[in-house]
Amino acid sequence: MEQLKETLAAGQTNEGTNENGLQAHYSTTEQKVTSATPVYPYYQKVTDTEPAKTLCLAELVALAEDGPTIGPKNQAAALTPFKASGKTQPVAVQSLFYALVTDHDDDDKSADEIRATYDPWNMAYFAYTSASHEQAKHGIKAKRWKPVIPLAYPVDFERYNVLSRGLMLMNCTDAVQSRSQQVFYAPNIITDGAPFDFIDATERPFIDPFDDSHPLVKAAVEAYEAETQRQEAEASKVTPKPRPANVTSEQAGIIDKVNAAYEMEGELQARDYKRIGRRFLSPQSSTNEAGVIILEREGKTVAYSHHGETDPLSNLNHEGHALDMFDVLCVLDYGGDLSKAVKEEANKLDPEGQKQRQREHQAEQAGAEARAEFETATANDPNAVSAVDLFNSLALPPFPVDLLPPVIGNYAKDQAELIGVDPAVIGMAAIGAAAACIDDRIEIQTKRYDPTWTESARLWVGIIGDPSAKKSPGIGKAMAPLFKIDQQWRESTAEALADWQAACDEAGKDGEKPPRPIEKRLILNDATVEKMGDILSKSEPRGILSYQDELSGWLCSMDAYKNGGGKDRAAWLEAYNGGPKAIDRVNRGSTFVENWSACVLGGIQPSVVQSYAHNTNHDGMLQRFILVQASEARMGKDRRPDMEAKASYSDLMQHLTETTAAGETVVTLSEAAHEAREALDEKLHKITVSHPNKFLTAALGKWNGLYARLLLTFHCIDMATERKYPTAKPVSGETAQKVADLMWRTLLPHAVKFYQGLDPVEDSARELAALILAHSWERFSVKRDLNRYWRASRKLKPWEMEETLDRLEAFGWIFPDPMKLNERGRPAAYWVNPGVHSRFTEYATKERERRREVTEMMKDLKA
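All values reported here derive from a predicted model rather than from experimental measurement.

1. Here's the deal with unusual backbone geometry
The phi angle of most residues is negative, glycine excepted, and most peptide bonds adopt the trans form. For Asn-122, which is not glycine, the phi torsion reads 50° and is therefore positive. Structurally, Asn-122 is set in the loop between α4 (111-118) and β7 (125-129). With relative accessibility at 53%, the residue Asn-122 sits in the exposed group. The phi torsion at Lys-470 lies on the positive side, around 60°, for a residue other than glycine. As for its position among the elements, Lys-470 is in the loop between β21 (460-464) and α14 (471-507). When its relative accessible area of 27% is taken as the criterion, Lys-470 is described as partly exposed.

2. Section: the nonpolar core
The biggest cluster of nonpolar side chains holds 116 residues, and the ones touching the most others in it are Trp-554, Trp-572, Leu-656, Leu-710 and Tyr-755. Of the residues forming this core, the biggest block, twelve residues, is contributed by helix α13 (residues 423-437). Leaving out residues up to four positions away in the same chain, Leu-656 has contacts with Ala-434, Cys-437, Ile-438, Arg-542, Cys-716, Ile-717 and Ala-720. Residues Ala-99, Phe-126, Phe-157 and Ala-201 belong to the second largest nonpolar core, which totals 57 residues.

3. Structural notes on the sheet that holds strand β20 (residues 454-456)
Pairing between the strands of a sheet is mediated by backbone hydrogen bonds and can be parallel or antiparallel. Strand order in this open sheet of three strands is β20-β19-β28, and the pairing throughout is mixed. Either end of the sheet is taken by a strand with one partner, and the two such strands are β20 and β28 (666-667). Sheet topology places strand β19 (residues 443-445) next to β20; three bridges connect them, and they run antiparallel. Along β20, the bridge assignment pairs Gln-445 with Thr-454.

4. Overview of the pairing of strand β1 (residues 40-43)
The two faces of β1 match: Tyr-40 and Tyr-42 on one face and Pro-41 and Tyr-43 on the other face are all buried. As defined by bridge partners, β1 adjoins strand β2 (residues 53-55) across three bridges and the pair is classed as antiparallel. Of the residues in β2, the one forming a bridge with Tyr-40 is Leu-55. Judged from the two bridges that link them, β1 and strand β4 (residues 78-79) form a sheet pairing that is antiparallel. Residue pairing across strands places Tyr-43 opposite Ala-78, the latter belonging to β4.

5. Some words on the packing of helix α19 (residues 643-658) against helix α22 (residues 703-721)
Relative to each other, α19 and α22 sit at 105°, their axes nearing to 10 Å. By the angle class used here, α19 and α22 are roughly perpendicular. The residues of α22 that touch α19, namely those facing Leu-652, His-655 and Leu-656, are Cys-716, Ile-717 and Ala-720.

What counts, and at which threshold
Residues numbered from 1 in each chain as written. Predicted model: local features only at pLDDT ≥ 70, side-chain atom pairs only at ≥ 80, totals over all residues. Heavy atoms only, no water. Helix = DSSP H or I, 4+ residues; strand = E, 2+ residues; numbered from the N terminus. Buried < 20%, exposed > 50% of the residue type's maximum accessible area, 1.4 Å probe, protein only. Core = buried A, V, L, I, M, F, W, Y, C linked by side-chain atoms within 4.5 Å. Contact = heavy atoms within 4.5 Å. Pairing = 2+ DSSP bridges. Axes fitted to C-alpha atoms, helices over the stretch in contact; angles between N-to-C directions. Parallel < 35°, antiparallel > 145°, perpendicular 65-115°, else oblique.

Keep in mind these values describe shape, not function.
Laid out in structure tokens, this is it:
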């Protein structure tokens, strides 16, 4: 034996490559394996990924004779019964096996019992005790052996699987050891002195794995086939997995197409199920025992898996059922999602039919959902409180003086009561006047992190009211301090210019003249664009106020009333944003304005502003205005004015005009102010994207910037009251919330009321609503009912009819029937909110009576 060890040691090799191809049966003695044939890759540690060398059986026996290694199992050496350069499952199943290895783990056999088990077969074997021999393992203390049965010829995995599994079944040994990639430990004990024993019967002949007459080979094959037959007998009783009860007829049709289109064996192999004999091995198998059988059941091909729960196809995961081709694809490719599997497979097998089915299904689903939504909405809204009242004009709320800065609110309230005017006139005119007093170079950064978006306090305020509304006296009250300041600036500017002219005259023609003084101007009246440019080019770049007692004259002077001549409108639109501007004229030459900026304040009559709106192309001129509609004038009161409020207001305007840009000029918002701004932004966004009046939404689209301008104005007023520079502290949450409330609770209703009057769709929607009430419709058809009962609809263009119907839908009156669509996919019929009939009963009665009278009158005329 020692001589044999030396001979083998001299010829040791580290080869670990697979044999070329899988060998079939062997008959020549040259290919026969002996104890000296190096066929067992040896890993110095079980955790190693590559073998250090390849041992022969004699060397393995020598490892036991020399004494086992000592140490924990996870550090012990290991071998594989197959010859390869690795020990993973994919490598193993492509390799040749040179021994059967089994593991007597818990049967507590003595050495004599091991001999009694294997000696009768009259074959070579080598058995040694494992590291856990006579040690507690899983709560069991037992004798444990590892028999290694060398093969005379190597076998491929398919043959090895039959013999290894059969041997395991015969002896009831550990099934894990029969896995293809399972290693076996070299002789090892965990602690010094632990019991160790071995049996060397390797001088006997090696077993021929292809000799079916050999008792052991025959017994192993019979044990394997018996288990296979048992499993097949079990499988013969299985039934295909039943379909869920909610599978539709359309889905069932696609499932049948899938079962007819795919071939089970090929699809399993395409998903890494390896064919071994008549069975298939799951890629998730830990034992490498092929456990998937293909059967014919109830007229279709099914797969039945004996594998454990790790296999997605396992009968344990499907209540003992077999799976047809569709079920297999659903489990392996779609995670068990039947709806997704049907949809995707339909797209593959019948794409055109699937598109049609999808359209039909979506229409059916939409119809059911829409009807359910309509019924829920109307059930929760028995009085149609969500339906907009189209027959009464929007009632504007009383102007909330308390939302204005106190110094302005107190003054507006006192003066409005004295002269009998709506406090909104004085209050909002005063806000516009205050904005004009603030230097444009003082700006507000609206967002937390974006320094590129800043706004100046530049506002355009238009007070709408009849001549009797006393809007001019009210605006005059707000402007009173500004008139005085402007007069003072004009006088000081005139004196400065006179002194400058005198200095120029004194310098003479050839002398050095002093620089022209920078002028100061607060108010501009009835000036052309050219004159405005001349004034601004010579003045401080703080901006100016264009005050118009009647805005109608200012509006009528622009291009819309000049047959397109001139560029006044464009210039004024630019003045809303501020910034540098060059004005070039042939006769006057070029004028450069550092800050082309103007606030605008004035009054206008309702008929004039409506006429202007209808005669322009809606280029955004009116949308830049804060439009406030003055309520009717009242009797004024003969009492003493609040002189303190008047003085405080005048002092405020004086302080604002004296606050000039110096140092840091950008105002920021506190976190509370940002939260108020974001809450308003969200509400504005929702109404902008959902409200059907395009004129209103065009105006609201500018309200993010308007909010910033109003916020800066309010903040500067607060700081002036405290005698602090605007950047002394950020905008407070209280101020931000006041501005948000003013815009949402007051300015928004004013805007809605104004822009309703510009929208012709509103009128047709009102007519259709009256028709619905008069006929007590619960549902109506667009073509049949409207053409028959609403003559005016025949004159409407298709898009006008669609806008009218959309408007009533948006206002909560009607709801489309998605099951009735016209050729363009538009609703051809609508349901009516039943609550409108109970809510507007009185109006419906009057409308029916009016229509009856008209009908009778027409009969009389015809007679």
